[in-house]
Amino acid sequence: AVAKLVMASPWFAGIDGERVVRPGTVARIQYRYDSEGRVLESRTYISASWYGELVEAAREEARWDAASRTLTRKYFQFGAPPRGSTNGPAKRLMRYDSRSREIETTTFDARDSLWADSDGGAIIRREFDIHERCVTGRNFDAQGRPARSSNLCPVERREFDPYGQALRLRLEDETGAP
C-alpha cells in the first residue's frame, strides 16, 4: 500500500515570518492505495493551532472486489458525534448485479445496525433497463418497510425518451399509487 499526500492547506506567514495555518481548517488529506491504484483509506487532518499542529479529524476506509467495485465504505469522524448518529452513516454496503450495476446500497451505524438518514431511508434497491439506466428505485427504512417522508417516497420510477433523456419522474407509494 502506498501513502500519498494529496492536498495541503494554504498557509501564510505570521507577523514574525513563521508559517501559520488557520486553526480548524483542513490542513492535510492523505490517501493510501492498493497495488491496483484504488483508494483503501483516506485521512483528513485539521490544524489545531496557528502553528501547524495537526489533529486527525476523519478517516474513510474502502474495500473493493476483483472487478474494482466498491463493496464497503466505512466512515470515522473524530471530535464529533459518532458516525451513524446525526452526521451520516458509519458504513455503506453496496451490492452489484452481474453487469456491475449497483443494485443495492445499505447504510449502517457504528454498531452495525441499519441506519436511516433524516428522510428515513436505510436501503435503496435499484432496477435498470437494457440501456443501463436506473428506472426504478425502492427506498426502505431501518425496519425493512417502505420508507416515506416529506422528502422520500417508497418508489421512484423514471421514464426516458428514445434518445436517453429523462422525461418523467414518478413518485409512488408501495402499492403503485402516486
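Residues numbered from 1 in each chain as written. Predicted model: local features only at pLDDT ≥ 70, side-chain atom pairs only at ≥ 80, totals over all residues. Heavy atoms only, no water.

Engineer: Residues and numbers for the pattern of salt bridges, please.
Structural biologist: For the structure on display, the rule yields 24 salt bridges. Ionic pairing is found between R101 and E132, a salt bridge with its closest N-O pair at 3.9 Å. Within this pair, whereas R101 is found in the loop between strand 8 (91-96) and strand 9 (102-108), its partner E132 is found in the loop between strand 10 (123-128) and strand 11 (134-140), the two being separated by 31 residues in sequence. You can call R101 buried: its relative accessible area is 14%. (Salt bridge = Lys/Arg side-chain N within 4 Å of Asp/Glu carboxyl O. Helix = DSSP H or I, 4+ residues; strand = E, 2+ residues; numbered from the N terminus. Buried < 20%, exposed > 50% of the residue type's maximum accessible area, 1.4 Å probe, protein only.)

Engineer: Break down the side chain of R38 for me, with residues and values.
Structural biologist: Inspection of the secondary structure assignment puts R38 in the loop between strand 4 (26-33) and strand 5 (39-47). Only 3.3 Å separates the side chain of R38 from the backbone oxygen of D65, close enough to count as a polar contact. Of the polar contacts made by the side chain of R38, one reaches the side chain of S68; its length is 3.1 Å. Among residues more than four places away in sequence, those in contact with R38 are R32, Y33, W64, D65, A66 and S68. (Polar contact = N/O pair within 3.5 Å; in protein donor to acceptor, adjacent residues only side chain to side chain. Contact = heavy atoms within 4.5 Å.)

Engineer: I'd like a rundown of the packing of aromatic side chains, residues and numbers included.
Structural biologist: Under the defined criterion, the tally for this structure stands at 1 aromatic pair. Ring centres of Y31 and Y33 lie 6.4 Å apart, and the angle between their planes is 35°; on these two criteria the pair is classed as tilted. One residue, K91, lies across the ring of F108, its end atom 5.1 Å from the ring centre. R125 extends its terminal NZ or CZ atom over the ring of F140, reaching a point 4.6 Å from the ring centre. (Phe/Tyr/Trp six-rings, centres within 6.5 Å; stacked < 30°, edge-to-face > 60°. Lys NZ or Arg CZ within 6 Å of the ring centre and 35° of its normal.)

Engineer: Can you lay out the environment of R38 for me, pointing to particular residues and giving the numbers?
Structural biologist: For R38, a relative accessible area of 17% corresponds to the buried category. The sequence separation of R38 and A62 amounts to 24 residues, and the corresponding C-alpha distance is 8.8 Å.

Engineer: Outline the confidence of the model for the chain, listing residues and values.
Structural biologist: Overall, the predicted model of the chain reaches an average pLDDT of 82, with 79% of residues at or above 70. Confidence scores differ between elements of the chain, with strand 2 (residues 12-13) showing the lowest mean pLDDT of 49 and strand 10 the highest of 95. This model gives residues 5-9 a pLDDT under 50, and the stretch forms 15 contacts once residues within four places in sequence are excluded. (pLDDT = per-residue confidence, 0-100.)

Engineer: Got a sec to walk through the side chain of D34? Specific residues and values, please.
Structural biologist: Within the secondary structure layout, D34 lies in the loop between strand 4 and strand 5. Here the side chain of D34 touches E36 through a polar contact of 2.9 Å, landing on its backbone nitrogen. Only 2.8 Å separates the side chain of D34 from the side chain of R38, close enough to count as a polar contact.

Engineer: So, the pairing of strand 6 (residues 54-64): which residues are in play, and what are the values?
Structural biologist: Note: strand 5 against strand 6, 7 bridges, orientation antiparallel. Along strand 6, the bridge assignment pairs R43 with R59. The sheet contact formed by strand 6 and strand 7 (residues 70-77) spans 7 bridges and is antiparallel. Of the residues in strand 7, the one forming a bridge with E60 is Y75. If you look at the hairpin formed by strand 6 and strand 7, you'll find 5 residues sitting between the two strands, and S68 has a positive phi there, around 65°. (Pairing = 2+ DSSP bridges.)

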